[in-house]
Amino acid sequence: MADGDGLGEAATATASPPAPAPGLSPSHGWRERLRAGLAGTGASLWFVAGLGLLYALRVPLRLCENLAAVTVFLNSLTPKFYVALTGTSSLISGLIFIFEWWYFHKHGTSFIEQVSVSHLRPLMGGTESSISEPGSSSSNRESETSRQNLSVMQKAWRERNPPARIKAAYQALELNNDCATAYVLLAEEEATTIVDAERLFKQALKAGETIYRRSQQCQHQSPQHEAQLRRDTNVLVYIKRRLAMCARKLGRIREAVKIMRDLMKEFPPLTMLNIHENLLESLLELQAYADVQAVLAKYDDISLPKSAAICYTAALLKTRTVSDKFSPETASRRGLSTAEINAVEAIHRAVEFNPHVPKYLLEMKSLILPPEHILKRGDSEAIAYAFFHLQHWKRIEGALNLLQCTWEGTFRMIPYPLEKGHLFYPYPSCTETADRELLPTFHHVSVYPKKELPFFIHFTAGLCSSTAMIALLTHQFPEIMGVFAKAETVKLGSLRISIWSPGGEAQSTMRCLKRLRSFHGKNRKGIGNRAPAE
C-alpha cells in the first residue's frame, strides 16, 4: 500500500481499451524479445566497431605518444595534488548529501532518483510499454492519459504533505474517473468517518474489479501485462480487506468474516497482507473459538512467519481451558496439571516472540493509538496487538491472572536473548531504534533486554576516570598539583592534632589503652603457665 509504484501503476489499466480477441492480432511477446536481442547485438557490434576504429587510427592520432605523455604527467604529480583532489571530492560529496537530505525531507523523494526516472530512463530506452494497441490516435491518447495518471499517483503516494496527496488524488480522478488507487488514497486520507471511508472504498472496488478483469484478459501477451496483473491483484485484495475492516468497525462482524474468508480462498498466496490476523480478531469478537483454532491450525505453522497475534491468540485459547480454576497457591501445593503446563508453555512461547505485550495486557504501561506501520517483535507490534485484543483477554475469566503469574518465567529460559533463543531466533537488537521512529516522541519505548550495568561497573569506571584525571593534571601542572597536595597534607595534620590534643583527652586515652594491653598480657602469661598443670 505504501509503495507508490504498485498502486499508482494500477490506474494505467483503467484507461486502456479492452484487449483484442485472440487470433485477430499477433502476440507482442516474440516481437519484444526479438527487439531486445537486436538491441543487445547492436550494442556489441558498435563496441567492436569502435575498438577497430581506434586501432586503425592509432598512428594518425599518435595514441602511443599521447599515452606516454599522460603517464609522465601522472608520475610528476605530488602528494599535495592527491590531497587536494580528495578534499575537493569530499566537499562536493558532502554538499550533495546535504542537498539530498533537505530535498527528501521537503518533497519525500530523492532528487537524483526523480531525475533518473523522469529524464534518464527515456533516453536509455526504458519507457513504460503501452497496454493498448498502437496504430490509432485514440489509443495513443489513452496511453498518454494512463502515463499521466500513473505519474500523478506515484507523486501522490510519495508526497509527505497530506493536503498535497489529496490534491493529487483529485487530479488523477480528473484524468481518469475510474482510478482505483485515487479512491483508496481519499478513503485513507480525507474520509473523517468510517462510513465515508467505506463509501470511497466501494467506489474503488468497482473501478478495481474492472481493471482486474481487463488485466486478466491480456496477462499472457507480454511480461509487462503479467506485472500489471500482479499490481492490479494487490490493489483489489487491499480494497476488499479494507472494506472488511470497515464492516468490522461498523459492527457487521459476520459480513467482515465472510469477506476475509473469500479473500483467503480466492488469493491464498497473499499471506503477506495478514488477512488471517484480521480474521482471528473478528472470530474472537464472535467468540467462535473453534473457528479460531481452525485458522491457527492452518497458519501457526513452522514454515510460515509468526506474529504477536498468532502466538498470543494460541496462548489465549490454551489459557481459556484452565484459567477459571487456576490458583497460584493451589498450583504450588499440588503442582501443575497437563493442561496448565500446556497453557504456561504457550504463554512462554508468546512472550519469547514479543516480550513487550504482557505489560500492555496487564496495564503496567499505558496504551496509545497504534502507529501506521509496525515492526515484528517490537514495541509497535505489542501496542497494536494489545489495542485490539485486550478486550478478548478480559472477556475470559482468569486469563490475565494466569498471564501475570507466569509470563516472567520466560526470561529464565533465555538468559541471553540477543545471543541464543529458545523457540525462535535470537531477539533482534535493532527493534529499539526502529520503534523510536515509528512511535510518537511522548511514548516511552519498551526496551528488551534492559541495558542496565551493575553498580560495581559504574564505581570502577568513576574511580578509573578520576585517577586518570588526577594523573593528567599532575603531568600538565606539576607545580600547582604539588602545592595542592602539600596544602591537603597540612590540613590533614592539623585535623589530627585538633582531634588528639585538647584537654589531654588523647593522652589519657593512650594511657588507658597501655594499661589494658599490659593487663591482657599478664593474663595470657598466667594462662600459659597453668596450661601444663591442667
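Quick note: structure is the one above.
Now for a description of the structure that goes with this document. Each residue is numbered by its place in its chain's sequence as written, counting from 1. For a predicted model such as this one, the threshold for reporting local features is a pLDDT of at least 70, and the threshold for listing and counting side-chain atom pairs is 80 or more; totals across whole chains, interfaces and linings nevertheless cover every residue. Calculation of side-chain values draws on the structure's entire complement of heavy atoms; hydrogens and water are dropped beforehand.

## Describing the nonpolar core
Our working definition: By nonpolar core we mean a set of buried residues, namely Ala, Val, Leu, Ile, Met, Phe, Trp, Tyr and Cys, connected to one another through side-chain atoms within 4.5 Å. The rule is simple: take the accessible area with a 1.4 Å probe, protein chains only, and divide by the maximum for that residue type; under 20% is buried, over 50% is exposed, in between is partly exposed. Segments assigned H or I by DSSP are reported as helices when at least four residues long, segments assigned E as strands when at least two residues long, and all are numbered from the N terminus. Contacts are assigned to residue pairs that have any heavy atoms within 4.5 Å of one another.
Grouped together as the largest cluster of nonpolar side chains are 90 residues, with contacts concentrated most on Ile239, Tyr312, Leu361 and Trp393. Looking at this core, the element that brings in the most residues is helix H10 (residues 223-249), giving 10 residues. For tryptophan 393, the contacting residues outside a window of four places in its chain are Tyr312, Leu316, Leu361, Tyr385, Ala399, Leu400 and Leu403.

## Considerations on unusual backbone geometry
Of note, glutamine 287 is a non-glycine position whose phi angle comes to about 60°, a positive value. Residue position: glutamine 287 is located in the loop between helix H12 (275-285) and helix H13 (289-299). Note on glutamine 287: relative accessible area 44%, which makes it partly exposed. Here the phi dihedral of glutamate 363 falls at roughly 60°; this positive angle occurs in a residue that is not glycine. Turning to its location among the elements, glutamate 363 is positioned in the loop between helix H17 (357-361) and helix H18 (379-395).

## Quick word on the environment of leucine 296
Mapped onto the fold, leucine 296 is located in helix H13. With a relative accessible area of 5%, leucine 296 lands in the buried category. Residues leucine 296 and cysteine 311 lie 15 residues apart in sequence; the distance between their C-alpha atoms is 9.2 Å. Ignoring any residue separated from it by four or fewer positions in sequence, one finds leucine 296 in contact with Leu280, Ile310, Thr313, Ala314 and Leu317.

## Points about the side chain of serine 446
Here is the rule we go by: Here a polar contact is taken to be a pair of N or O atoms separated by no more than 3.5 Å, where protein atoms must pair a possible hydrogen donor with a possible acceptor and residues adjacent in sequence count only if both atoms sit in side chains.
Assignment of secondary structure puts serine 446 in the loop between helix H21 (431-438) and helix H22 (455-476). A polar atom in the side chain of serine 446 sits 2.8 Å from the side chain of histidine 356. Ignoring sequence-local partners within four residues, the contact set of serine 446 consists of His356, Tyr360, Lys365 and Asp379.

## Comments concerning the packing of helix H9 (residues 194-217) against H10
For clarity, the cut-off: A fitted line through C-alpha atoms serves as each axis, taken over the contacting stretch for helices, and the angle formed by two N-to-C directions is quoted from 0 to 180°. Angular relationships are summarised with four words: roughly parallel below 35 degrees, roughly antiparallel beyond 145, roughly perpendicular across 65 to 115, and oblique for the angles in between. By definition, any crossing whose near helix is turned counterclockwise from its far helix by less than a right angle is left-handed, and any crossing with a clockwise turn is right-handed. Amino acids outside the nonpolar list (Ala, Val, Leu, Ile, Met, Phe, Trp, Tyr, Cys, Pro) and the charged list (Asp, Glu, Lys, Arg) are all regarded as polar, and Gly is one of them.
Two elements in contact, H9 and H10, have axes whose closest approach is 9 Å; the angle formed by their N-to-C orientations is 155°. As far as their axial angle goes, H10 and H9 are roughly antiparallel. Classified by chirality, the crossing of H10 by H9 is left-handed. Here Ile194, Glu198, Phe201, Lys202, Ala204, Leu205, Gly208, Glu209, Ile211, Tyr212, Ser215 and Gln216 of H9 lie close against H10, whose contacting residues are Gln228, Leu229, Asp232, Thr233, Leu236, Ile239, Lys240, Arg242, Leu243, Cys246 and Lys249. Here the residues of the contact of H9 with H10 sort into 11 nonpolar, five polar and seven charged.

## Concerning the packing of aromatic side chains
The description of an aromatic ring pair rests on the distance of the ring centres and on the angle between the ring planes. Quick reminder of the rule: In this analysis, rings of Phe, Tyr and Trp, with Trp reduced to its six-membered ring, are considered paired at centre separations within 6.5 Å, and the interplanar angle assigns stacked below 30 degrees, edge-to-face beyond 60, and tilted for intermediate values.
Here the structure, examined in full by the defined rule, presents 10 aromatic pairs. Ring geometry for phenylalanine 353 and phenylalanine 424: centres 5.3 Å apart, planes at 65°, overall edge-to-face. Placement of the pair is phenylalanine 353 in helix H16 (residues 338-353) and phenylalanine 424 in the loop between helix H20 (410-413) and H21, with a sequence separation of 71 residues. Each member of the pair, phenylalanine 353 as well as phenylalanine 424, carries the same accessibility label: buried. Ring geometry for tyrosine 427 against tyrosine 448: centres 5.2 Å apart, planes inclined by 90°, an arrangement best described as edge-to-face.

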